[in-house]
Every structure is written in structure tokens, then in C-alpha cells.
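A closer look at the structure
The residues making up each chain are set out below.
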Amino acid sequence: MGQLSGPTDPTADAHWHTHEERKGFFTDTSICIGCKACEVACKEWNHNPRDGDLDLTGMSYDNTVSLGASTWRHVAFVEQDRARIEEARESGRVLVSLGMPQVRSERDVTTSVTDLSGGDLSGVDTTPPDTPEFRWLMASDVCKHCTHAGCLDVCPTGALFRTEFGTVVVQDDVCNGCGTCVAGCPFGVVERRSDGTAAPTTREGQKKGEQPPIPNKGVAQKCTLCYDRLVDGQTPACAKTCPTTSIKFGDHEDLVTEAKARVAQLHAQGMTEARLYGANELDGVGGTGSVFLLLDEPEVYGLPPDPRVCTADLMTMYKRAAMAAAGMVAAAAVAFLGRGGRGA
Amino acid sequence: MANADCIVLQGGNMAEAHPVGFQWVSEAKARGARVIHVDPRFTRTGAIADRHIAIRAGSDVVLLGALINHVLSNDLWFKEYVLAYTNAATLVSEDFRDTEELGGLFSGFDPATGQYDLQSWAYAEAGGDGGVGSPSGQAGEHGSSKSDRAAGDEHGSGGPSLEHAEVLRDETLQDPRTVFQVLKRHYARYTPQMVQELCGISEDDFTYLADSITQNSGRDRTTVFGYATGWTQHTLGAQFIRSAAILQLLLGNVGRPGSGIMALRGHASIQGSTDIPTLFNLLPGYLPMPKVGVHDSFEDYLEGIASKRQKGYWTHADAYTISLLKAWWGEHATADNDWCFDYLPRLSGPHGTYQTTVGMLADEVEGYFVLGQNPAVGSANGRQQRLAMSHLKWLVVRDLSLIESATWWKEGPEIDSGELRTEDIDTEVFFMPAATHVEKAGSFTQTQRLLQWRHKALAPPGEAQSELDFFFKLGQRIRAKLADSTDERDRPLLELTWDYPVDGHGDPDPEAVLAEINGRFVSGPDAGKPLSFYGQMATDGSTAGGCWIYTGVYADGVNQAARRVPGGGPSPSQHEWGWAWPADRRILYNRASADPDGKPWSERKKYIWWDEDQGKWVGDDVPDFPEDRAPGARPDPNIGGPEALAGDDPFIMQADGKGWLYAPKGLVDGPLPTHYEPWESPVANSLYPQQQSPTRVVFAREDNLGAPSAGTRGDEVYPYVFTTYRLTEHHTAGGMSRWLPYLSELQPEMFCEISPALAAERGLENNGWATIISPRAAIEAKVLVTDRVKTLTINGRAVHQVGLPYHWGVGTHAVVSGDAANDLVGVALDPNTQIQESKAGSCDIVAGRRPRGQALLDLVADYQRRAGATVDTDNVPRVTDPEAETVTPRPDGEVSGEDGFSRW
Amino acid sequence: MARLSPLEWPVLRQLRSGDSLGRGPAVTSPTTRAVRPRNATADRVVQSICPYCAVGCGQLVYVKDEKVIDIEGDPNSPISRGRLCPKGSASEQLVNAPGRQKQVLYRAPKAKDWQHLDLDTAIDMIADRFIESRRNGWQELDDQGRKLRRTMGIASLGGATLDNEENYLIKKLFTAAGAIQIENQARI
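So, a few notes on the structure that sits alongside this text.

What counts and how
Residues numbered from 1 in each chain as written. Chains lettered and ligands numbered in written order. Predicted model: local features only at pLDDT ≥ 70, side-chain atom pairs only at ≥ 80, totals over all residues. Helix = DSSP H or I, 4+ residues; strand = E, 2+ residues; numbered from the N terminus. Rg over C-alpha atoms; globule rule 2.2 N^0.38 Å. Buried ≥ 20, exposed ≤ 12 C-beta atoms within 10 Å, placed from the backbone. Contact = placed C-beta atoms within 7 Å. Nonpolar A, V, L, I, M, F, W, Y, C, P; charged D, E, K, R; others polar. Pairing = 2+ DSSP bridges. Core = buried A, V, L, I, M, F, W, Y, C linked by C-beta atoms within 7 Å. Axes fitted to C-alpha atoms, helices over the stretch in contact; angles between N-to-C directions. Parallel < 35°, antiparallel > 145°, perpendicular 65-115°, else oblique. Left-handed = near helix turned anticlockwise from the far one by under 90°.

1. Side note on the overall build of chain B
The helix and strand tally for chain B stands at 24 helices and 29 strands. Compactness check: chain B gives a C-alpha radius of gyration of 27 Å against a globular reference of 29 Å for 904 residues, within 12% of the reference. Overall size of chain B, expressed as C-alpha extent along the three principal axes, is 80 × 70 × 55 Å. Residue burial in chain B is summarised as follows: out of 904 residues, 65% are buried.

2. A closer look at the interface of chain B and chain C
Contact residues are listed per partner, giving 135 residues for chain B and 97 residues for chain C. With eleven residues, helix H19 (residues 467-482) of chain B is the largest single contributor of residues to the side of chain B that touches chain C. A class-by-class count of the residues in the side of chain B that touches chain C yields 65 nonpolar, 49 polar and 21 charged.

3. Looking at the sheet that holds strand E13 (residues 442-445) of chain B
Residues and elements named next belong to chain B. Read from one edge to the other, the open sheet built from three strands follows the order E13-E14-E17, with strand pairing classed as antiparallel. The sheet is open, and its two edges are formed by E13 and strand E17 (579-580), each paired on a single side. Of the strand pairs in this sheet, strand E14 (residues 450-454) and E17 are connected by two bridges, and their pairing is antiparallel. Residue pairing across strands places Leu451 opposite Trp579, the latter belonging to E17.

4. Notes on the interface of chain A and chain B
By a widely used convention, the size of an interface equals the accessible area lost when the partners come together. At the interface, 32 residues of chain A touch 34 residues of chain B. Elements represented by at least two residues in the side of chain A that touches chain B include exactly helix H2 (37-46), strand E2 (73-81) and strand E4 (134-142) of chain A. It is H2 of chain A that contributes the most residues to the side of chain A that touches chain B, five residues altogether. Along the lines of polarity and charge, the residues of the side of chain A that touches chain B split into eleven nonpolar, nine polar and twelve charged.

5. Observations regarding the nonpolar core
Counting 397 residues, the largest nonpolar core has Met138 of chain A together with Ile7, Leu250 and Ile772 of chain B as its most contacted members. Apart from residues no more than four positions distant in its own chain, Met138 of chain A is found in contact with Thr29, Cys32, Ile33, Gly34, Val75, Ala76 and Phe77 of chain A together with Ala47 of chain B.

6. Focus on the sheet that holds strand E2 (residues 34-39) of chain B
All names here are of chain B. Strand order in this open sheet of five strands is E3-E2-E1-E6-E7, and the pairing throughout is parallel. Edge positions in the sheet fall to strand E3 (51-54) and strand E7 (260-263), since each has one partner strand and no second. Taken pair by pair, the neighbouring strands of this sheet meet at an average axis angle of 20°, ignoring direction. Where strand E1 (residues 6-10) meets strand E6 (residues 223-227), four bridges bridge the pair, whose relative direction is parallel. Within E6, the residue paired with Ile7 across the bridge is Val224.

7. Side note on the packing of H19 of chain B against helix H5 (residues 119-136) of chain C
Look at H19 of chain B against H5 of chain C: their axes get within 9 Å of each other, and the N-to-C directions meet at 60°. With respect to their mutual orientation, H19 of chain B and H5 of chain C come out oblique. The two elements H19 of chain B and H5 of chain C cross, and the hand of that crossing is right-handed. Of H5 of chain C, the residues touching H19 of chain B (which contributes Lys473, Leu474, Arg477, Ile478, Lys481 and Leu482 of chain B) are Ile123, Asp124, Ile126, Ala127, Phe130 and Ile131 of chain C. Of the residues in the contact of H19 of chain B with H5 of chain C, the class split is eight nonpolar, no polar and four charged.

Below is the structure:
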């Protein structure tokens, strides 16, 4: 039996005999220029149809809005004024250990999906640089490829599977579109590709470009971490194209080390707002394969602050259910015996 | 750029326009380089920069001039470099008068023609009083040779001609006529306070910028500037770049690793299309097209390009020209007929795209080829462009899809407004499907002069074909139809070399064309062999070559542009990837990377240096200098040519071998950059009485009215500044992006970006609609209200800017469409480059969608009437009359009620 | 089908592989097990350069069955090191764009719509018009009697997206024809 929570090696857990290093992304949002090459490279490689109704959202330069069945990379754009920047810096500072985790409650610190991981900052000059009047955050979001993946654990058909690279992939030919995984994902990443939303729309006086036939209608879709490329030793399309290496691909362990070093570097420059997301294997999903360096609270980027896999407590629940069942059986037995006794 | 210690991105938005090039900026920044972005908007470049400095569009010369002043008055210039490598010590003619003396004009201005006589800008003459006479009796002033009126573009690879290279210098720089002292006086009033007043930049930001640049310049450190169309698209665009060049020369930031001024160009081969020009005023290799009255004889022509007595490689222009003529007319080009020089048509003035547009409107131009470009969307004053096309007899559009320039006759905005009716338009339109970049082989020249060959991956689909194929076959057909002609004027066509080898489909071999461009020996022992470098070109007709600066790209019969050694090989200059012109040099003027004695300025910035033992220049690049010219060599400057270059003359294409702080010629609007307001501007020029550039090229026409500039009647009607730009997600006029679903969905609709203050002033809501009105047109756009656009305080008054991406156009074939920002832009040009001022104009903005049909025309006309805009507005008089009646600026938004026109 | 061997029944695979929760190798489908990246199936890979901006990023073009199946950055390029921007990343869609026009179209004077012409006819018609407009707009001398030898009847716009070789032929043909009004994006 594999584990359903806590630190683990998900590949071994899934009983792969051909064991590869766990692969993942480290997305360093501090060097993202918001070009969206990742979004396009992902779509081109996976031949995902274009999304939505081709309307401007009015949300800065983000017209993609969220991850979905046909959008497996999404760049968020957040415009912030000085007050918010100071708050971010302060909230980061709170996360920074002034010795060791103690600021938040123990559970918050040890199981939070965000962590500073920059290590001990004592002795480092953390005087913040001039706080700018304004900043524009950009961050490319993607499937987290959780250590404990809710989507995978709840899939009744075996369409979702853990690959030998420790990633989580939907098999289009197996999925029956039941949608259980959609609810099972604590990040809202998985979506079924419906017929309606992906079809080209028409507006008054405008003919929209036709698209090739839309594949995999009705089937759950999400980032595969380019499983087809990984089996051939290639880099996933988004990471390969990223102009500034904001998206890094590699062995998960190395990436987490690199991410921690980068946070430490930014902290040393006084940017206490920098923090990691998904690098804590004690969080509610056992850490994620896709690790992020953020410059503000996760909510600012539309990420859940404290995701928990729905099956995390499954074993406890099983035990309790078993105990409850046993109790009921016992009660019934007692009652039966009691009646029997009375009848006797 | 990756080697720079400080990177200033101004007049360009590199992260958005060149994301992949930006990796080198990111890398420099990660290494500790400081990155500063100066732009009207906080862009995606600003998001990564150490600091973004908001500037009012069109005021860059004030800022750069103030930096020059800062460097000069605080003695921060790089002394050894400036003294040895620039013309700082050179004396200027006594006749020269600066803008300080003449209210914003230089000496020599003729208000009747709107042009300068460049005579008085010349260097002072030896043995004279700086006056006109010269020993030979001819007008020997440096400023007076035959290429005076040449546009700056013609000097793309070299400086303009000087009669000779003998100059007077005062190495102490004390003489008030030295360039150094002239410069000091010219910029004395460009102060941080002036920057605050005209650019809207705080003194704190100015100090930060000035300190960043000066602290990162010198022996050990270098600063680089990156610009794009934010500098070129102004009525004084060339001077924007000149002002950065002066600053960089003063700081020793030219010709060295991590230095310079990088033009960040926007098209795959925009550099190539200037080198091998599809431009009216040039022949390949920046040789000028001959002009009537100036270049009537071949002798005049050659004399006009470069005097034999000046220094440097331009003195061999005769060999380059004759080789070009031999390449084109082969055996027919002989010494007896001046190598067919008379087969070249003559110019009589500027024949740029906007002059051509006027020619179409006057029914002078009958046929028009539009090749991978979309003028209905991408050119200034789009309505004028489309109306002009409706006057054509025939139009050929070659593109990948049915762009707006191919469909204006059935679905353009003028059909909707009722100005044009499809059934009345006589224009024949041919749409010819084009091949994509993978369906043809050929070379692009990228922004750093690197030629890279593309191999053909597969055949074009359907009837699509490359331009090479199309024009080759069109040429064949034309020649066949004229084959029996005895008309003398058909001879240039019939005698043209047009016999390229073809493949099985009759398509010409692009490598054969590249070989012709490279050149070959026509006669002699090596007859038929490719040339290896342009020095082999001869004046006796024994060589042919289509573009001298590209000679070497086919050296040894090998396509050097196709070199693909991974990573470019082990050398730091990455020589083994593609081929850079000229002669595969990666950094131009790299002699300047060593000190006057030939030693590296510092270990950190070592690049090219003099090796005493080998007796030659060595280093990480091909030396851009005579290889064996010792640093101490001082040949007689009068011998002319490369032989005359002294060992410390790094600027080998300039007539005197020096970097020009002061340009005695080459620019037609002034020897020194001077701030003028844009053609139309709601801001008054506080530096000079002269409001606009006196030499601006204008088109005083009803279809191209200007908004009244600050201080004139009606200036409140178009109170805001608009500026246009591109987004990462789209490409220019959209022909290669709005037809692609993946790009279209990322930026689906035309929008404008405005500050919260302007939104409040005009009642505009985020993601609501706005109508933007200029004297040319009214367009609608969605609204993005954002702190990324700041309201600036200029001359004590709030100035709002409206940001407009220009990628959308009106049609039904693209995945996404919308109104075109360029419809708003007026046609007013830089006299040097004939580039239009797209980066700063005047507009109004109101909430809601624009009206349709006739009501749209009424709206535009109503604004024009209220503003009192006429064909004279901003055009006549050229010289601002300080006595003219002016009005006091009203507070923003207040409408002049006296005319009885209400705001729409 | 052969793959339906009883040993391949999921429950047996689950037991056999030890993947008792059915989350790993036990649930992989034959398609999944046979997966290969599309670009690895290409008949040829061709080196190219991105057609959008002037940075000049290297591209690798993957062709299969005479169709472009993928375009990616060329990691060997010292300019771009394998990276592409969103436009460069979309180049496969540029080539295979659903809205791409692949046939010649002609709109006659006053016509309300396009009609198809074959390529050869179109080039022939353009050649005729070229010759006629060249003559109509010919200027031999200026008003002072100096040679002009040019035509103002024909103009051209474009080139910055074209190859050097193409620009060269355009300039050469136009100049020989005496047509001087040639411009491109470099001045816009």
C-alpha cells in the first residue's frame, strides 16, 4: 500500500520498478516577464484548442484568467501599489524565521504550503531596498503534480496515473469523463473539456478563425508535464521556450535546493517578500512537483493558501469508520444477544 | 548587452518586444548589472528593471541633453577616450551660430524652404578664418559637398563625406570654438529642473539615472543603451539617437564590450532590408540612389559619396558602385558607358511611402505592390492610406492571409462610413498567397547585423510562392513581353542579369542570388571565383558584387550565413554561427576597446588590443581596423582612404576617423540634438521660443490636419498626449498574429491604457469602452485603467497620456479585429529619415463606443471645427512667431464655449 | 486482439506489479505505454530562423509527411539558446494557420467579391499592368531638361519580413524598370 499523506517518494509509492528521478518545475516568478510564451508553447505542443470568447477581461494583461481543460499554463498579472508591496514584505518577514518557525501556530508553519526555506537570516542585512511606488507581478501557474494527488486518488477508472517521473497524467483513452477528479483537485487545476467552451464563437460582425477539430471532448484535461517528451528525454515545452528561465525543469530534489538558494539570495537583498510555494513536504499535499517562488501571499496569485488533498485523512477516516462499524456490529450483537438473552 | 554593467532601456520596451533578446539583460541583471527603464508607461520591461522612470512621450532629448550637461559640468567624461577618439578638440567654423543665440534655430535656416544650409556648421579650415574659401578656390568647407542634402539614412554604414580629413584641433579644449565648448554651451540650460518641467521626471529619479550611468562607465565598466521605435518615430527621431550617441561617446561607451547604443529592431530582416534596401533613397550597401541635379554624371555621383581625400573605407565607394553595376548589367556595363550608371533612375526629392501615398491620391501612381506589410493598419493616418489605395488602378497584395490591406474595398472603415462604395471602386486587386519562412530558403539579417540562413523545410502549399519566385517570374514575364522592344528605356530591363539557376519547378536558387550579392571576380586569374572581402572590389570592372558590405558571406563558395556550429564555437564572439557584416565583425569600431596606445582599457573590458610582437591587432573579434596599423602610426591625412587612418582613429567609416560629438554634416536638422516639441503637442517648449522642429516634414492637407499646439487657439480641444506601441502577444499590424488563435486569445481586443486620474476626469471605466479622437480620426477601444500610466506634471500642469497598442484593424478575416490606432496618427516626418511621428500626438478621449456611419465623420469634423484646425495648423509658419497671439491654457476638460460647439 | 491477454487484466496487473491502489504502472493503457513525442517521429528536422522580430532566434522545423508538425527553439543558437517568445512559439500555427489563404484571388474593378485566378494568369496580368503603368508614369527629363529616366506609375511597400535575396531581386527589378518608389517597414 502506498501512503496517502506526508513526505514520500510518489514514484516508489506507485510501485514503479523502472525508477526515474522525480521531475518537476521550479517557476521563479521574480524573473518572469509575462511574455506568455509558456502558454503558447504548451498549446502548440499539446494541440490544445484556444479558449474562451476572445473578450478582453480588463484584468491587467491577463486574458487567460485561469488554468483549464485547454489552458495548462496560465500567466497571472498583478498590479500593486506601495502599500501592498509593504504588506507583502511584512508578511514575508513574518514567515522568516527569526530563529526557527514560531511566528504562526505550529500547524501553520510546519504544514503551510508556503515556506521561506531561506534558512537562518540572522547576521544577514535584511534592510529592504527602496520600496518602489508600484510593481507588476507576473507568475506562470501550472498543474502542481502533487506528492499526494487528489485527482489521482479519487479517479475511479485508472485514467489518472502516477508516472515513473513522479508526475500525474490523465490518459485520454481511459478517462470516461466522470469528473470526480475535478472536485478532487485542491488547486482547481483539472477540468473536463466541454464541447461548448472550446468551440469557436461568433460575435456581431466578426467571423472567428476556425480551429482544427477539438480533441478529447468531454475528457478530463490538465498538464502532463509533457509526459510524451519526458519519455524521450526532452524538456517540457514551456520550460524549453521560457526566455528568461523563469520556468526551470529538472529533478525535483535539485529544483527545491535551487529554489531555497534563490529565496535566500533575495532575502539577502532585503526582498523578504520572497517565499516558496509547494516546497514543504509537510504541507497538505505532501509538497508539490511544481514549486514556485512567489513575491506575495499565494492568494494574490490566485493560489490556495493551504491546499489539502481530500484523501489525506482517508486512513484515519477508514479507521474511524471501521471502528464505528465495529462498534455498530458490537452494539447490534449486544442488542441481539441482549434480546436473545431476554428471550432466553 | 550581457557584458554591460548598466543597461538603460529607453525608447524601447525590450522585454515585450524582444523577450528572447531580453534573456541577456536578465543575465546581466543576475550578475549585478543595473537595469533602468525610461518609458511613458510602466511596461513588462519596467516590471523587471531596477527602476522605471516615467517620461512624457517626445521629451527624451531634454533628458539626454541634461545627462550630457551633467557629465560635462561635473567633469565626469572619460578624458583619454574623448580626447583621442572623438572630435571634441576639433574647431568649428566661426560662422556657426547655436540655438542659444537664435531662439532655437541654428545658423543657416531658410524659412522659405524650411531647410538648413549646412555651410556654417562646418569644421574650421586650416589657414583660413574658418570661412568659406579654400586654397583650391572651390567651396572647400567640410559642410558643402554634394551629399549635403542626403538623408541621414544614406550614411547607414559610414559617416557622411568630408572634402578632406585635415582639421584644426585644440587639445586643451579651451578654445571656445572647440566642439567640446560648443557642446557645453548648447546644453547649459538642459538641467534637472528642466527635465522635471518638460519630461515630468523628478530630480531624485534624474540623479539615480545620472549616477547609475556615470558610475558604470570608464575603464572598468560600461553602460549600454537600448532603443527602438520609441526614439525613431518622432519628427526629430534621428536626433534622439544622436543625443544618446554623444552621451555614450563622452563616457567612452562605444566600440567596447557591453557598450553602445543598440537598435532593437522589430522585423526579422528589417536590418537586411536596409542593407539591401527596399527603400527609395538607397542602393545596396548604403550607396545613395542618384539625385537629379546632384549626381547627373557618374563623376559627380562618386564625388558625392566620398572624397578621395577623406579618411576611411568610404573612399573606395567607386569600386563598390562599379561592382554593383557589373552585377546588375554584366557585360553591358563597361567603362565607356560609365558602367551603365545612366540606367539608374534619378530621385528629385524624398519619395518615401507618405509622398507615394499623396501621389496615389493625385492619381499619379497606378500600381502598388504590398509585400508582407499591412499599410491599411500599420501606416500612419490609416484612412489616408486606404483612400489612397482606392485611387489605384491595380494593387498586388502578397501575404499569408487576407489582411486588411487586401480587403479594404469591401470591409474597410470607409465602406462603413459611406465614404467609399465597393461598386464605385475601380481598383483591381490581386491577392497572391505567400510562402512562410519555412517554405523557402534565404537569409535574414538580424538586429546586430548577423546574417542567418534558413533552410527550406518543405514546399509552399497551394499556389503560395516566395517573393523570390514571384519576382523572378514576374521579371521573366516582363522581359519576355518587351523582348522585341526597340525603345531605349527598356534596355535596362532587357540587359539586366536575370538568369538565375532554377530547380525542377522553375524556382530560382536563392544561394545563387546570395552568391551574386557576395560578388565574384569577373575577369583575371580568379575569374568566376567568389570574393572574400570588399577590399577585393575593383574599379576596372574586373569584379561584380551586389552589396559590398555583404562581401564575404559567400567566401570560398561556402554559404557562411548557414554556419551552425553549436553555440557559435568556443570564441567569445561566437563567430561560427551565421555571418556578420562587415567582414564578420561582431562589435563595430572595436579599435576603441583599447586605449590610444593599443592596450586594453582594463582587464575586465579587454576585447581587441595591439600585439607588439606580432605587429597586429588581436583579440576576441575581427579587428574593425587596418590589422597592422600600429597605435602610434600617424600617416599624412591627405593621402586619403584607409591608408590615412591614424593608429588612434577607431571610427574607420567616419571621414576623420573620430566619433562625432558634433556632426558638421550628415543631419539636415542640426549638428547637435535640440529639444523641440512634437509636431502637435499640448505642451509648450520651455527651452526655446521655437515650438516644433523647424525642418519637420509636413503634409498640409485636409486629410492630415494637426491639433493646435500649446499656446495656440483651440489647444484645449485635443488636450491629451497619445503614444502607440506593440505588445508581446502581437506582431506589428497583426498579419502574422491576429490570424493565429493562440496569439489572438492572449490579447483579443483593442484597448487603451490610461491613468486613474484621467479615468476620473473623463468618467471612463475599466473594461468599458472609450472613443479616442484626433484631428484625423476617431476610434474605439476597451479601457484599461492602470497605475502603470502616470499622470505627469509638465510646466506645472497635469498632462495625461493615452497608451495605444496598434495591432488591430477592421476586417472580417482575422481571428480578432478592432479599430486601428494608426488611424489617429498624423503624418509628420523626421527630415533625416522620413519616419513618421507615431509616438506622440494629441487627442481627446470620451466614454462610450464611437458612432457609426456618417455620424463618425461628423464627430471628427466637429472636433476639427472646434479646434479651428486648418491645413496651416502646426505647419505654417515653420518658425514659431514669438509675437503671435497666444492663448492661456485652460484647465483640462474645460470646453471653450464661445464657438457654440458642444462636446459630443 | 493480442493485448487482451488474461495476464493483462487490470486486477492481475495490480496484484502482479504491487501497485495495489492502481495508481501507477498497473493502470497504464497500451497507448500510454507506447507514447512517443511527436517530434521524434519527424522525417526530417530543418534549421531555420524565427520570422517575427529582429533578434533572429534559431528554430528547428520538424517535418513529417510533407507537413510541419512542430517548430521549436534551436538550442544550438548562441543568439537564443533554444528559447522562443510567444510569437516564435506559435510559428507552427503560423505555417498551418486555419485562416491562411493558399489560392490566388482577384477582384475586378467595381466587383463586390473575389474570384479565383490561376497563378500563371495572375502573373501574366500583373506583368501587363506593370509594363503599361511604367509607360504611363514615365518621366524622361525634369523641367530643367535633366535626365530622370524613371517611372512614377509603380510603387512598392514591404521587405522587412522578406529575405535579403528577395529584397535584392525586388530592388534590382524595380530599379532597372525605373521605379523608384520602393519602401519598407524600416521607415514606418
